[in-house]
Amino acid sequence: MIEFRQARKEYGDVVALEGLDLRVESGETVCLIGTSGSGKTTALKMVNRLIEPTSGSIFVGDVDATKADLTELRRSIGYVIQRGGLFPHMTVAGNIGLLCKLEGWEKRRIRERARELLELVDLPPDEFADRMPSELSGGQQQRVSIARALAFDPEIMLMDEPFGALDPITKTELHKEFIDLKDKLHKTTLLVTHDLAEAFKLGDRIALLHKGKLIQTGTEEDFLERPATEFVEHFVGSQLSEL
Ligand SMILES: Nc1ncnc2c1ncn2[C@@H]1O[C@H](COP(=O)(O)OP(=O)(O)OP(=O)(O)O)[C@@H](O)[C@H]1O
Ligand SMILES: [Mg+2]
């Protein structure tokens, strides 16, 4: 479970996020959507404490993230960013196993875990384990970064536009993969996207931010049939007319 309690972030005069109240239930996927600069990444990074809130708190299970042991907190959270963020000079297996290595796992155990994770994201390990990131397509790189985020089998997944930079066909493939993984692993997931169709497809619920403020939380049906404000109606209308 992830719970934001009046989580607020200011940068000088800029309020990046007003007091955010949002709860992601265990095993649930919530898609955080909104225009550029609305505070999505800020909200996400507060969970694994890449950003500290100006006020308020974030709970990860029973633990107040702002007070938690940082190493333990990060180990319980998988983090995937746009374009993967893979280390270019390390092989696929090296990237996936990096955190395990830093934890002092034995070589063989790391190797086995990397292979298991590659299987999980549908990349045959014999073919992919020893490749360099530059020898992969964008979609394959994203699969590897998802595998890497799953290394410690975390309860929680944070994903910041994980499918943002992909072409439509690859995106659709990875959506399918994501839904398979979701059904298999039941992670508590907060996924940031710009794309409402993607949010509808992947999210159990959607949370819409605008200028640092949470405007509406709900299901696809809520957004389509019961938009909370005129802004939501306009946002939904303009996004869906682009399809
Ligand atoms: N380090 C910083 N210093 C000052 N302002 C910042 C900083 N980081 C973010 N901001 C501001 O906070 C607001 C929210 O930024 P954030 O990155 O959370 O938006 P976002 O919704 O993720 O946008 P995008 O969709 O473009 O990624 C923006 O106005 C941004 O300019
Ligand atoms: Mg962002």
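Rules used in this analysis
Residues numbered from 1 in each chain as written. Chains lettered and ligands numbered in written order. Predicted model: local features only at pLDDT ≥ 70, side-chain atom pairs only at ≥ 80, totals over all residues. Heavy atoms only, no water. Near = heavy atom within 4 Å. Polar contact = N/O pair within 3.5 Å; in protein donor to acceptor, adjacent residues only side chain to side chain. Helix = DSSP H or I, 4+ residues; strand = E, 2+ residues; numbered from the N terminus. Nonpolar A, V, L, I, M, F, W, Y, C, P; charged D, E, K, R; others polar. 1 Å grid on protein atoms, 1.4 Å probe; cavity = no way out; pocket = protein on both sides within 12 Å on 5 of 7 lines; lining within 4 Å. Points joined across faces, edges and corners; volume = space filled by probe spheres on them. Axes fitted to C-alpha atoms, helices over the stretch in contact; angles between N-to-C directions. Parallel < 35°, antiparallel > 145°, perpendicular 65-115°, else oblique. Left-handed = near helix turned anticlockwise from the far one by under 90°. Contact = heavy atoms within 4.5 Å. Domains from an automatic or database assignment. Core = buried A, V, L, I, M, F, W, Y, C linked by side-chain atoms within 4.5 Å. Buried < 20%, exposed > 50% of the residue type's maximum accessible area, 1.4 Å probe, protein only. Salt bridge = Lys/Arg side-chain N within 4 Å of Asp/Glu carboxyl O.

*Asks:* Could you give an account of the site of ligand 1, with specific residues and numbers?
*Replies:* Every residue close to ligand 1 is listed here: Y11, A16, T35, S36, G37, S38, G39, K40, T41, T42, E161 and H194. Separating an oxygen atom of ligand 1 from a side-chain N or O atom of K40 is a distance of 2.7 Å. Take T41: an N or O atom from its side chain is 2.8 Å from an oxygen atom of ligand 1. Looking at the shell around ligand 1 element by element, the count peaks at three residues for helix 1 (residues 40-47). Of the residues belonging to the shell around ligand 1, the class tally is two nonpolar, eight polar and two charged.

*Asks:* Lay out empty space enclosed by the protein with the relevant residues and their values.
*Replies:* Taken as a whole and assessed by the stated rule, the structure comprises one cavity of 30 Å³ or more. The calculated volume of the largest cavity comes to roughly 120 Å³. When contributions to the lining of the largest cavity are tallied by element, the ones reaching two or more residues are strand 7 (156-160) and helix 7 (168-185). Counting residues per element, the lining of the largest cavity draws most heavily on helix 7, which supplies four residues. Taken together, the residues of the lining of the largest cavity sort by class into seven nonpolar, three polar and two charged.

*Asks:* Please give an account of the packing of helix 3 (residues 92-102) against helix 6 (residues 138-149) that cites residues and values.
*Replies:* Helix 6 packs onto helix 3 with a crossing angle of 25 degrees between their chain directions and a minimal axis gap of 8 Å. Classified by the interaxial angle, the pair formed by helix 3 and helix 6 is roughly parallel. The way helix 3 lies across helix 6 gives a crossing that is right-handed. Contacts between helix 3 and helix 6 pair V92, N95 and I96 from the former with V144, A147 and R148 from the latter. Its residues assigned to classes, the contact of helix 3 with helix 6 shows four nonpolar, one polar and one charged.

*Asks:* Explain the layout of surface pockets to me, using residue names and the numbers behind them.
*Replies:* Its boundaries defined by the atoms lining it, the largest pocket holds a volume of some 550 Å³. Every residue lining the largest pocket is counted, 23 residues in all, and those nearest its centre are R74, I77, Y79, L99 and R148. Elements with a contribution of two residues or more to the lining of the largest pocket: helix 2 (70-75), strand 6 (77-81), helix 3 and helix 6. A class-by-class count of the residues in the lining of the largest pocket yields 13 nonpolar, six polar and four charged. Residue-level mapping places the lining of the largest pocket at the junction of two domains, with at least three residues from each of domain 1 (2-76 + 155-241) and domain 2 (88-153). The volume enclosed by the second largest pocket comes to roughly 250 Å³. Lining the second largest pocket are 13 residues; nearest its centre among them are A93, G94, K101, K107 and I110. Of all elements in the fold, only helix 3 and helix 4 (107-120) reach the threshold of two or more residues within the lining of the second largest pocket. The dominant element in the lining of the second largest pocket, judged by the number of residues it contributes, is helix 3, at five residues. Of the residues contributing to the lining of the second largest pocket, the split by class is six nonpolar, three polar and four charged.

*Asks:* Requested: an account of the nonpolar core, with residues and values cited.
*Replies:* Soluble, globular proteins show a tendency: their nonpolar side chains are buried together. Formed by 42 residues in total, the largest nonpolar core has its most connected members in I96, I146 and F163. The residue makeup of this core includes at least three contributed by each of domain 1 (2-76 + 155-241) and domain 2 (88-153). Setting aside chain neighbours within four positions, we find F163 in contact with I146, K171, L174, H175, F178, L191, E198 and L202.

*Asks:* Explain the pattern of salt bridges residue by residue, including any values.
*Replies:* This model, assessed by the stated rule, comprises 21 salt bridges. Residue K187 is joined to D153 by a salt bridge in which the shortest nitrogen-to-oxygen separation is 2.5 Å. Taken as a pair, K187 in the loop between helix 7 and strand 8 (188-193) and D153 in the loop between helix 6 and strand 7 lie far apart in primary sequence, 34 residues in all. The closest approach of N and O atoms between E225 and R226, which form a salt bridge, is 3.9 Å.

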